[in-house]
Amino acid sequence: MALFRISSTKCLTEVHQRFLPAIITCVRNISADSTDLKAILADKIPKEQERVKNFRKAHGATKVGEVTIDMMYGGMRGIKGLVYETSVLDPDEGIRFRGLSIPECQQVLPKAPGGSEPLPEGLFWLLITGDVPNQQQVNWLSREWSNRAALPGHVVTMLNNFPTTLHPMSQFSAAITALNHDSKYAKAYSEGVHKSKYWEYVYEDSMDLIAKLPVVAATIYRNTYRDGKGIGAIDSKLDWSANFTRMLGYDNEEFTELMRLYLTIHSDHEGGNVSAHTVHLVGSALSDPYLSFAAGMNGLAGPLHGLANQEVLVWIQKLRSELGDNASEDKVKDFIWKTLKSGQVVPGYGHAVLRKTDPRYTCQREFALKHLPDDVLFKLVSNIYKVVPPILTELGKVKNPWPNVDAHSGVLLQYYGLKEMNYYTVLFGVSRALGVLAGLVWDRALGLPIERPKSMSTEGLMKAVGYKA
């Protein structure tokens with residue numbers, strides 16, 4: 001029986017005005033305090049589905065941008081043709097994760113006790129929900145990933161049987177593919193689950209995969225470069241990064257802090273880069289998250305993408321071997337001109353989108369200034385930073401003469417003893433999972449279809465624009 005009755009529309013409006021703010025505050029508090037990430041998504045997704053539906057209804061035929069012949073031959077750069085929710089790369093501002101810059105993320109995301117760098121768990125929460133998490137939510141995520149981290153026996157056996165001469169990224173990709181044996185999404189799909197539920201199973205697979213990646217990666221590292229002995233048990237009291245560094249065999253809090261920063265800033269870089277786009281593309285065929293992510297990792301392994309940080313370090317070491325540790329700026333300039341005149345590029349400089357110093361480079365430089373200001377390689381990188389942009393500007397052929405993320409990361413890893421360059425892209429891959437898998441959950445939540453752009457032949461393009469050779 002009703003306790004009271006609203007007798008008029010006016011009275012109802014007055015009740016709304018009086019109590020609605022308190023109700024909204026209460027709901028927000030419940031959401032802010034909840035650590036049930038899946039329930040939070042279940043609340044957000046229908047609202048976002050409706051928002052996108054209304055937007056498409058109103059503007060489905062509206063044109064966005066124009067495509068030029070150069071764009072089509074130039075790797076589709078600049079073509080606006082992809083929806084990707086978790087991050088946006090602005091040419092002048094750099095990466096923004098759900099609207100927040102890297103310095104803003106460093107300020108607002110929760111940190112480990114006594115730490116100063118953001119926890120990757122906090123960034124994942126931000127990427128997948130759009131909300132800045134509190135400490136309780138981040139702690140829940142650390143425990144949840146710890147609970148899901150165990151590898152199936154067949155994957156452990158496979159990893160232990162790989163020859164140490166097999167590239168770490170090949171081992172990484174193969175292990176991720178083999179994990180699809182236990183895909184909850186693939187099982188649910190085979191049983192005929194309704195498409196409105198796809199996102200729930202993609203979420204479960206993504207959570208399992210993110211949890212297991214440090215174990216896979218650490219096993220590869222120990223087998224390939226160390227004694228091959230077991231990596232030890234996951235400690236549910238530690239965060240994701242701390243467990244990872246312990247499994248790698250490093251017990252150094254500074255290195256763990258570096259890994260927290262590294263895994264955060266390498267996580268996402270909007271949807272058009274090779275690894276992110278590949279995960280989205282393969283996932284659009286309704287392949288499970290394991291197969292989709294493995295495909296993305298095969299793209300990340302390329303020298304024009306994730307392998308670039310290794311190439312930077314090789315080049316820096318070549319410079320160092322020729323010029324020594326205390327090379328003057330003039331000698332560095334001569335070496336750079338020699339590199340350019342030989343038809344090579346300066347690795348670590350330039351970016352397909354950015355037109356400024358990569359904020360990911362900047363935050364790594366700040367870490368180095370704080371923790372290793374006198375390191376020889378860091379000083380060399382700093383010297384190069386002073387010299388290269390003016391030379392590339394003078395050359396006049398480079399749209400962005402500034403350093404990108406790869407120009408710095410290898411030097412930091414070298415300092416703390418992780419010197420095996422072939423392994424660096426695996427670290428990149430562990431991080432990249434946070435962004436692309438959060439994006440994959442939203443791909444299925446929004447019901448995005450299989451991706452199938454229209455291609456044209458050169459002959460067809462010539463006819464379309466009236467060109468006669």
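Residues numbered from 1 in each chain as written. Predicted model: local features only at pLDDT ≥ 70, side-chain atom pairs only at ≥ 80, totals over all residues. Heavy atoms only, no water.

The protein carries the name Citrate synthase in an unreviewed UniProt entry, which gives Polypedilum vanderplanki as its organism. On record in UniProt, under Pathway (unreviewed entry), the comment for the protein is "Carbohydrate metabolism; tricarboxylic acid cycle; isocitrate from oxaloacetate: step 1/2." (UniProt positions renumbered as here; feature names shortened; annotations may be inferred.)

On to the overall build of the protein. The helix and strand tally for the protein stands at 21 helices and 3 strands. Taken over C-alpha atoms, the radius of gyration comes to 25 Å for the protein, in line with the 23 Å a tight globule of 469 residues would show. Along the first, second and third principal axes, the C-alpha atoms of the protein reach 90 × 65 × 45 Å. Across the 469 residues of the protein, 49% fall into the buried class. Contacts in the protein between residues at least 24 apart in sequence constitute 76% of all its contacts with a sequence separation of at least 6. As displayed, the protein offers around 23,400 Å² of accessible surface, 54% of which is attributable to carbon and sulfur atoms. The averaged location of the 49 negative side-chain charges in the protein is 4 Å from the averaged location of its 52 positive side-chain charges. (Helix = DSSP H or I, 4+ residues; strand = E, 2+ residues; numbered from the N terminus. Rg over C-alpha atoms; globule rule 2.2 N^0.38 Å. Buried < 20%, exposed > 50% of the residue type's maximum accessible area, 1.4 Å probe, protein only. Contact = heavy atoms within 4.5 Å. Areas by Shrake-Rupley, 256 points an atom, 1.4 Å probe, with all protein chains shown as cover. Lys, Arg positive; Asp, Glu negative; His and termini not counted. Charge placed at Lys NZ, Arg CZ, Asp CG, Glu CD.)

When we look at burial in helix α13 (residues 274-284), the residues that qualify are S275, A276, T278, V279, H280, G283 and S284. Looking at the buried side of α13, the elements it contacts are α14 (289-300) and α20 (424-445). Just downstream of α13 lies L286, where phi reads positive at about 70°.

This part takes up the UniProt feature "active site" (unreviewed entry) in the protein. Mapped onto this numbering, the UniProt entry gives "active site" (unreviewed entry) at H305, H351 and D406. For the residues just named, distributed over 102 residues, the greatest C-alpha separation is only 10.6 Å, placing them together at one site. As for its placement among the helices and strands, H305 is situated in the loop between α14 and α15 (308-323). Classification of H305 as buried rests on a relative accessible area of 15%. Filtering out sequence-adjacent residues up to four positions away, H305 remains in contact with N273, V274, S275, G299, L300, D406 and R432. Of note is the side chain of H305, whose polar atom sits 2.9 Å from the side chain of S275. Look past the residues within four positions of H351 in its chain and what remains in contact with it is L89, H269, R360, N400 and N404. (Polar contact = N/O pair within 3.5 Å; in protein donor to acceptor, adjacent residues only side chain to side chain.)

The next thing to look at is the pattern of salt bridges. Pairing between side chains becomes possible if they bear opposite charge and their charged atoms approach one another. Applying the stated criterion across every chain, the model contains 20 salt bridges. A salt bridge links R226 to E420, with the shortest nitrogen-to-oxygen separation between them at 3.0 Å. Of the two residues, R226 sits in the loop between α10 (198-225) and α11 (240-248) while E420 sits in the loop between α19 (406-415) and α20, which places them 194 residues apart along the sequence. Among the charged side chains, a salt-bridge network with shared partners connects K38, E144, R148, K184, E204 and D208. (Salt bridge = Lys/Arg side-chain N within 4 Å of Asp/Glu carboxyl O.)

The next subject is the pairing of strand β2 (residues 94-97). Examined bridge by bridge, strand β1 (residues 87-90) and β2 share 4 bridges and lie antiparallel to one another. Across the sheet, S87 pairs through a bridge with F97, a residue of β2. Hairpin connection of β1 to β2: 3 residues between the antiparallel strands. Bridge analysis of β2 against strand β3 (residues 100-101) gives 2 bridges, and the strand direction is antiparallel. Opposite F97, over in β3, you have L100 as the bridge partner. Counted between consecutive antiparallel strands, the loop separating β2 from β3 contains 2 residues, among which R98 sits at a positive phi close to 50°. (Pairing = 2+ DSSP bridges.)

On to helix α6 (residues 135-147), then. Across its 13 residues, α6 extends 18 Å between first and last C-alpha, which sits within 8% of the 18 Å expected from 1.5 Å per residue. Of the positions making up α6, those classed as buried are Q137, V138, W140, L141, S142, E144, W145 and S146. (Expected span 1.5 Å × (residues − 1).)

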